[in-house]
Amino acid sequence: MIGSLAKAKQKAVAIGKPASGQCLCGRVCFEIDTPARWAWHDHSPASRRAHGAAYATYVGSWRKRFRITKGEAGIARFEDKTTKTVRRFCAHCGTPLFYERARSPHMVNIPRALFAGRTGRQPLYHIAIEELQEWAYTGEPLVPLKGFPGVVWQRTKRKKRIDHDGMF
Ligand SMILES: [Zn+2]
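Here's a quick rundown of the structure. Keep in mind that what you see is a predicted model, and the values were worked out from it rather than measured.

### Here we look at the overall build of the chain
Tallying secondary structure elements over the chain gives two helices and 12 strands in all. Each helix and strand of the chain, ordered N terminal to C terminal, gives the series α-β-β-β-α-β-β-β-β-β-β-β-β-β. Per-residue burial over the chain gives 36% buried out of 168 residues.

### Focus on the pairing of strand E3 (residues 38–42)
Among the five residues in E3, five count as buried, and that is most of the element. Where burial is concerned, the two faces of E3 agree: the one with Trp 38, Trp 40 and Asp 42 and the one with Ala 39 and His 41 are both buried. As judged from the five bridges shared by E3 and strand E4 (residues 56–62), these two strands associate in the antiparallel manner. Following the sheet pairing, Trp 38 is matched in E4 by Gly 60. In this structure, E3 lies alongside strand E10 (residues 125–127), joined through three bridges in parallel fashion.

### Remarks on the pattern of salt bridges
Under the counting rule described, the total for this entry stands at six salt bridges. With a closest N to O distance of 2.9 Å, Arg 67 and Asp 33 form a salt bridge. Taken together, the residues Arg 67 in strand E5 (residues 66–70) and Asp 33 in the loop between strand E2 (29–32) and E3 connect sequence positions 34 residues apart. Since its relative accessible area comes to 28%, Arg 67 is described here as partly exposed. Looking at Asp 33, the relative accessible area reads 10%, which means it is buried. Across the pair Glu 131 and Arg 48 runs a salt bridge whose closest N-O atoms are separated by 3.4 Å.

### Structural notes on the coordination of the zinc ion
Around the zinc ion, the protein contributes the donor atoms Cys 23 (SG), Cys 25 (SG), Cys 90 (SG) and Cys 93 (SG), which lie 2.3 Å from the metal centre. The sequence pattern describing where the donors of the zinc ion fall on their chain is C-x1-C-x64-C-x2-C. Overall, Cys 90 belongs to the buried group, its relative accessible area being 1%.

### Description of the pairing of E2
Sheet analysis places strand E1 (residues 19–22) next to E2, joined by four bridges and oriented antiparallel. Pairing of Gln 22 across the sheet is with Cys 29, part of E2. Linking two consecutive strands that pair antiparallel, namely E1 and E2, is a turn of six residues; a positive phi of about 85° is found at Gly 26 within it. Looking at chain direction, E2 and E5 are connected through four bridges and run antiparallel. Among the inter-strand pairings, Ile 32 is bridged to a residue of E5, identified as Phe 66.

Reading guide: rules and limits
Numbering of residues begins from 1 in every chain and follows the order in which that chain's sequence is written. For a predicted model such as this one, the threshold for reporting local features is a pLDDT of at least 70, and the threshold for listing and counting side-chain atom pairs is 80 or more; totals across whole chains, interfaces and linings nevertheless cover every residue. Water and hydrogen atoms play no part in the side-chain values, which are based on all heavy atoms of the structure. Here a helix means four or more residues in a row that DSSP labels H or I, a strand means two or more in a row labelled E, and each is numbered from the N terminus. When a residue's accessible area, from a 1.4 Å probe over protein chains only, is under 20% of the maximum for its type it is buried; when over 50% it is exposed; and in between it is partly exposed. Note on pairing: two strands pair once DSSP finds at least 2 bridges between them. We define a salt bridge as a side-chain nitrogen of Lys or Arg found within 4 Å of a carboxyl oxygen belonging to Asp or Glu. Coordination partners: N, O, S within 2.8 Å of the metal, 3.2 Å for Na, K and Ca; water not considered, so apparent gaps in a site are possible.

Spelled out as structure tokens, the structure:
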């Protein structure tokens, strides 16, 4: 990973079309020049809690290639002094927006899910994979759940009948 990052750093990267994103309510909009520097899945407990999700997938952008295009005044900030990180989120809808680490002052990390289109990088890397939660979905085969249109599930091997009533 370090080797490929170093290689990417040495190579002069031509700036492509910007990739834009927004928060849930749309008050905050931003864009980065593509390709992004890198992308990864972050399984650390801090990111898991900040996103309220099994893990967070980030796109890292050089700060100079990142712009807030709308709603800068509506961005709130949380500084985590123990990890020396700053997380910004939309003060109106709560969407996690930008994640900055003191150890990488020239980078802004943005949840991949906020971008509508391509960012020029696939998330090939994992941080803190040992924290992968046993309840996280990792691609097991799924089948339709009888009687619940739109719901699929991972069939259990147990013989015991599962009561699905009232689940959805
Ligand atoms: Zn918002």
